[in-house]
Amino acid sequence: MGASQTADVVIIGGGFAGAAAAYHLTRGGVGRVLLLEQEDLPGRHSSGRNAGIVRHLIAKPDHLSLALEGLRFMEHPPDDFPAGRYFERTGAVAMGGAGMEAELRAAVDAARARGSGADWLTAKEVERLVPATAGGTFVGGAYADDEGVADIAALLDAFLRAARARGLRVQGRSRVIAIDARGGRVTGVRTDEGTVSTPVVVNAAGAWAAEVGRRAGAWPVPLRSLKRHMMVTAGIPWVNRSWPAVWDLTHEVYFRPEPPGLLISPCDAFPSEPPGDTPDAEALDLLAEKVSRCFPRLRDISVASVIAGLRTFSPDGNMVLGEDPGLQGFFWCAGFGGNGMTLSPALGRIVAESVFGQPPPAAHAARRFMPSSPAACSPCR
């Protein structure tokens, strides 16, 4: 089959989950970490196909502390992280109709209590801040001045560079065929290029995570992948690059400046098998319908390019982290629901700590999917 290798930990997947796990594992002293990526370069799929919006104001309660950790990490990276600017504070507005006002006002109060510069803005105030929202069907918005936009390419590269400096090896174009186990413990990984003897595998395979779990004989974690589209518009002369990101939660559509135009999404979510990177024509129709209803000033925008990618969810909308309940040495790092970039600094830390013997938060632990502790289904935002 090819060459045989040995590693202390094998990570499957080179997106934000795998890269952040590699960083924290090598930082914690693991000397031989091998990252296997099926594409020619890391970040080809979901990690390179997201809007880069870093937010905490409307995060799920179980995600909030992790989102704040991610934001702080990006804005003020640790001393051992490559120097660079990974995050820009632009602010963000979460707006909605009358039915969402109480929830959004409560989010502002909660953010203020934890020290965020959050405010409730009336519809007129939102329109003055972002003129593209004029004429919309919202009553106001929750504004957080400490949210913003990440440089996703620079951040992913920095995780990998920091880990490589401590010995990480990255092997591209390497497809996992099987995970070997003996006596309920991981013993190695088989790829189309050879075998790797290892006692620990981290499943950070994104939309392929469920399949990797099946090949390992791990517990059948019920993950599903949903396709979402983002559109980049042609130039719009009156767009100001300093505008905050805007998210209409009632109609589920968002946009942010992407000079010389906008990056905008209809927040579609349709089941899709990986890779799910082929755009669907229906997404443009959905965007046109939502924009004409929510943001009439943007009705005549011209779309220059369309990006499709997958977000992977667990039934309860929380992540799947930590050691598999039925296979020792097999660790999950999956099910981020489109939040993997924001949460990656915290997720990598949690998974590394799990490998070192510290259980993950119960809300995100893989073992919650055992029959004795079923996960409840709920909508995922």
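For the structure itself, consult the block above.
This one's a predicted model, so the numbers in the text were calculated from it and none came from an experiment.

Spatially, the 3 strands line up as an open sheet ordered β4-β9-β5, and their pairing is antiparallel. If you trace the sheet from one side to the other, it starts and ends with β4 (53-54) and β5 (87-89), each paired once. By the bridge criterion, 3 bridges tie β5 to strand β9 (residues 148-150) in an arrangement that is antiparallel. Along β9, the bridge assignment pairs Glu-88 with Val-149. Where helix α2 (residues 64-75) meets the sheet, it contacts β4, β5 and β9, and its direction lies at approximately 105° from that of β5.

Take the layout of surface pockets next. If a probe as big as a water molecule is rolled over the atoms, it shows which places are left empty. One number sums up the size of the second largest pocket: a volume of about 440 Å³. Around the second largest pocket, the lining comprises 24 residues; the ones closest to its centre are Val-149, Ala-150, Arg-256, Pro-257 and Glu-258. Listed by contribution, the elements that provide at least two residues to the lining of the second largest pocket are β5, β9, α5 (152-164) and β17 (253-258). Counting residues per element, the lining of the second largest pocket draws most heavily on β17, at 3 residues. Class assignment for the residues of the lining of the second largest pocket results in 14 nonpolar, 4 polar and 6 charged.

Scoring rules and cut-offs
Residues numbered from 1 in each chain as written. Predicted model: local features only at pLDDT ≥ 70, side-chain atom pairs only at ≥ 80, totals over all residues. Heavy atoms only, no water. Pairing = 2+ DSSP bridges. Helix = DSSP H or I, 4+ residues; strand = E, 2+ residues; numbered from the N terminus. Contact = heavy atoms within 4.5 Å. Axes fitted to C-alpha atoms, helices over the stretch in contact; angles between N-to-C directions. 1 Å grid on protein atoms, 1.4 Å probe; cavity = no way out; pocket = protein on both sides within 12 Å on 5 of 7 lines; lining within 4 Å. Points joined across faces, edges and corners; volume = space filled by probe spheres on them. Nonpolar A, V, L, I, M, F, W, Y, C, P; charged D, E, K, R; others polar.

Honestly, that's just the spatial picture; any functional story needs more than this.
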